[in-house]
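Working through the structure, step by step
The lines below spell out each chain.
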Amino acid sequence: SSVRLSPNSLATLFRFLKEIFPVSSSSNRRNAFRISSLESFSAWSSKRCAVIGGSGFLGRHLVEKLLGKGYTVSVFDIRQSYELPGVTFHQGDLCDKQALLTALQGVSLVFHCASPAPASDDKALFQRVNIQGTHTVLQACTEAGVQKVVLTSSASVVFEGTDIKDGREDLPYAKKPIDYYTETKIEQEKLVLKACDKEKGLLTVAIRPHGIFGPRDPQLVPILVDTARRGNMKFIIGDGSNLVDFTFVDNVVHGLILSAESLRPESPICGKAYHITNDEPVRFWDFMSDILVGLGYAAPRYNLPYTLVYGLALLLWLLSLLLCPLVAFKPTFTPMRVALAGKHHFYSCSRAKQDMGYKPVVGLKDGIRRTVESYPHLRHGA
Ligand SMILES: NC(=O)C1=CN([C@@H]2O[C@H](COP(=O)(O)OP(=O)(O)OC[C@H]3O[C@@H](n4cnc5c(N)ncnc54)[C@H](O)[C@@H]3O)[C@@H](O)[C@H]2O)C=CC1
Ligand SMILES: CC(C)CCC[C@@H](C)[C@H]1CC[C@H]2C3=C(CC[C@]12C)[C@@]1(C)CCC(=O)C[C@@H]1CC3
């Protein structure tokens, strides 16, 4: 008969051995790799993690999955949106290093899933949180002896409003990003990947999902339904043939955890970016129609030329900027949304398949069904 030890029990065993047979190790935790192989093993197998942005849509799904997989989870977020047994909440701003250091004590793995919502379009806020804040997160991780950082980036970092078909990770970053959100996500990803340093004992990876949807999503379905309820979802922008990636939230969570568990000094994923999608590009307007019809609304039917709608959206956006001191209005059809709705933007995830054995765990049809069922309050007539 054989005895099986889980990584957690091995880590506990190692801590016990270290107590009774102290090994001479550098006091500098950043040099963890150079210490004994046993200690390195303990570090890599530790299941104590923190989710920055864990109160958000993706963050909460991630937290729930991590708990199910036996991780001990701390959430760090500017707000607390729920309570869960086994989760320690730390409310604070990620730009505050002291607050982060408290939350990161004893943590070996950090998932960074926080960002202001793209719709806010607030340049100063995006710069403060996504760029300066990420810099602070990396500093705090180094000081707290965190070994792995997994960033939720975005496939949009290469999108400039023109067609992308089967885009790979080696596409250059967008030179003219379509909005401040994308502009700062690019800088954020660069910062995190540059921080990967095997010598210092900090390993990083960036996961780039695209068009995340699923239960509790605060943007895609709610914005779509709101637009339909106001009678503005009758039109298809362009000829309706553009293919896009929409990624069910469970697949993104799967990609995030897979990357964290594959992140080791010898792994090819260190310091790299990975597209994580459903690997089932779909016509943008078919996807929107499936959601709308599933919730009891009519599917859009009439086609409008792309350039006309884009031009109008640009005009409205400029007007909203000019008039903002006098009247506050937020157009639904922003140039960014029109580009996302009328162009091809789908990405290859073959790098993630090859380097970490990624495979979506929920298919698109199933994801749409689960999403529709989770929004009874948004159904037509509800
Ligand atoms: N939703 C989508 O389609 C996609 C999202 N992403 C990325 O995934 C990540 C998660 O996005 P979602 O869950 O959709 O957004 P979300 O808005 O639901 O969650 C973001 C969380 O970050 C928190 N946060 C914001 N500023 C903070 C600060 N200064 N300090 C601490 N916490 C702060 C918010 O309170 C919120 O709970 C983001 O990094 C986003 O850029 C990437 C690709 C697509
Ligand atoms: C009014 C309709 C024409 C469009 C309604 C749906 C949109 C709200 C969504 C369609 C594609 C989505 C998307 C994002 C947000 C919501 C949509 C615009 C992101 C910008 C979210 C953040 C990212 O990193 C990229 C996403 C691309 C797709």
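This report concerns the structure included in the present document. None of the values given here were measured: they were computed from a predicted structure.

**Digging into the site of ligand 2**
- Around ligand 2, the surrounding shell holds 13 residues, and the nearest of these are Ser154, Ser156, Tyr181, Gln219 and Phe333.
- Taking Tyr181, its side chain carries an N or O atom lying 2.8 Å from an oxygen atom of ligand 2.
- Its residues assigned to classes, the shell around ligand 2 comprises 7 nonpolar, 6 polar and no charged.

**A short note on helix α3 (residues 57-68)**
- Counted at 1.5 Å a residue, the expected span for α3 with its 12 residues is 16 Å, and the 17 Å between its end C-alpha atoms agrees.
- Restricting attention to buried positions, one finds in α3 the residues Phe57, Leu58, Gly59, His61, Leu62, Val63 and Leu66.
- Backbone geometry just downstream of α3 places Gly70 in the positive-phi region, at approximately 90 degrees.

**Section: the site of ligand 1**
- Contacts to ligand 1 come from 25 residues, most closely from Leu58, Asp77, Arg79, Tyr181 and Lys185.
- Between ligand 1 and the protein, one listed contact pairs an oxygen atom with a backbone N or O atom of Leu58 at 2.9 Å.
- At a separation of 3.0 Å, a nitrogen atom of ligand 1 approaches a polar backbone atom of Leu94.
- Across the complex, the protein chains shield 90% of the 840 Å² of accessible surface that ligand 1 would expose by itself.
- At the level of elements, α3 and α6 (180-194) are the ones that each hand at least two residues to the shell around ligand 1.
- Grouping the amino acids of the shell around ligand 1 by side-chain chemistry returns 11 nonpolar, 10 polar and 4 charged.

**Comments concerning the sheet that holds strand β3 (residues 87-91)**
- Taken in spatial order, the 7 strands line up as β3-β2-β1-β4-β5-β7-β12 in an open sheet, and their pairing is parallel. At either margin of the open sheet sits one strand with a lone partner, and together these are β3 and β12 (273-276). Going across the sheet, the axis of each strand differs from the next one's by a mean of 20 degrees, ignoring polarity.
- Here 4 bridges tie strand β1 (residues 48-52) to strand β4 (residues 109-112), and the two strands are oriented parallel to one another. Opposite Cys49, over in β4, you have Leu109 as the bridge partner.
- Across the face of the sheet, α3 comes into contact with β1, β2 (72-77), β3, β4 and β5 (148-152) while running at roughly 165 degrees to β1.
- The strands touched by helix α8 (residues 249-262) within the sheet are β4, β5, β7 (203-209) and β12, with β5 carrying the most contacts at an inclination of about 155 degrees.

**Observations concerning the pattern of salt bridges**
- The full count for this structure, using the stated rule, is 14 salt bridges.
- Residues Lys97 and Glu143 are paired through a salt bridge, measuring 2.9 Å at the closest nitrogen-oxygen approach. Of this pair, Lys97 sits in helix α4 (residues 97-103) while Glu143 sits in helix α5 (residues 123-144), and the two are 46 residues apart along the sequence.
- Accessibility expressed as a relative area gives 24% for Lys97, which makes it partly exposed.
- One salt-bridge network, held together by shared partners, links Asp250, Asp366, Arg369, Arg370 and Glu373.

The rules behind each value
Residues numbered from 1 in each chain as written. Chains lettered and ligands numbered in written order. Predicted model: local features only at pLDDT ≥ 70, side-chain atom pairs only at ≥ 80, totals over all residues. Heavy atoms only, no water. Near = heavy atom within 4 Å. Polar contact = N/O pair within 3.5 Å; in protein donor to acceptor, adjacent residues only side chain to side chain. Nonpolar A, V, L, I, M, F, W, Y, C, P; charged D, E, K, R; others polar. Helix = DSSP H or I, 4+ residues; strand = E, 2+ residues; numbered from the N terminus. Expected span 1.5 Å × (residues − 1). Buried < 20%, exposed > 50% of the residue type's maximum accessible area, 1.4 Å probe, protein only. Areas by Shrake-Rupley, 256 points an atom, 1.4 Å probe, with all protein chains shown as cover. Pairing = 2+ DSSP bridges. Axes fitted to C-alpha atoms, helices over the stretch in contact; angles between N-to-C directions. Contact = heavy atoms within 4.5 Å. Salt bridge = Lys/Arg side-chain N within 4 Å of Asp/Glu carboxyl O.

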